[in-house]
Amino acid sequence: MRLVFFVFLGAIAFIIIGGLMLSIWLVIRIRFWWLTRSINQFKQSKTDSQHKKKSSKGVLEGEFHEIDKKDL
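Calculation rules
- Residues numbered from 1 in each chain as written.
- Predicted model: local features only at pLDDT ≥ 70, side-chain atom pairs only at ≥ 80, totals over all residues.
- Heavy atoms only, no water.
- Helix = DSSP H or I, 4+ residues; strand = E, 2+ residues; numbered from the N terminus.
- Buried < 20%, exposed > 50% of the residue type's maximum accessible area, 1.4 Å probe, protein only.
- Areas by Shrake-Rupley, 256 points an atom, 1.4 Å probe, with all protein chains shown as cover.
- Patch = residues over 30% accessible without salt bridge, like charges linked within 9 Å, V, L, I, M, F, W, Y side chains within 5 Å.
- Salt bridge = Lys/Arg side-chain N within 4 Å of Asp/Glu carboxyl O.
- Phe/Tyr/Trp six-rings, centres within 6.5 Å; stacked < 30°, edge-to-face > 60°.
- Lys NZ or Arg CZ within 6 Å of the ring centre and 35° of its normal.

Asks: Whenever I open this one, the overall build of the protein confuses me. Can you help?
Replies: On a plain count of helices and strands, the protein comes out with 1 helix and 0 strands. In the protein, which comprises 72 residues, the share counted as buried stands at 0%. Split by element, the accessible area of the protein, about 7,800 Å² in all, is 68% carbon and sulfur.

Asks: When you look at a nonpolar patch on the surface in this model, what are you seeing that I'm missing?
Replies: Residues Leu22, Trp25, Leu26, Ile30, Trp33 and Trp34 make up a contiguous nonpolar surface patch of roughly 700 Å² in combined accessible area. A residue is classified by how much of its surface remains accessible, and Leu26, at 44% relative accessible area, is partly exposed.

Asks: Help me out: how do you make sense of the packing of aromatic side chains in this one?
Replies: For any two aromatic rings, the description comes down to two numbers: the centre-to-centre distance and the angle of the planes. The tally for this structure, following the rule as stated, stands at 2 aromatic pairs. Here Arg37 stacks its cationic end above the ring of Trp34, 5.0 Å away from the centre of that ring.

Note that every value here comes from positions in space, so none of it alone points to a role or purpose.
Given below as structure tokens:
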């Protein structure tokens, strides 16, 4: 009779501890997913702004007119 009681008590403890470990693992996993998502969004926005800066620095547009010496 005692053996059945201790097996039942052990099974319940196993389920409770397993559930707690699963819950903790799930919270940590979601937190890391959220952090990596935030970091990737930051990197993406930073690279987008760098591309805009590079393209605006490298190209200079304008018009020119040739002036003959006799016009001066």
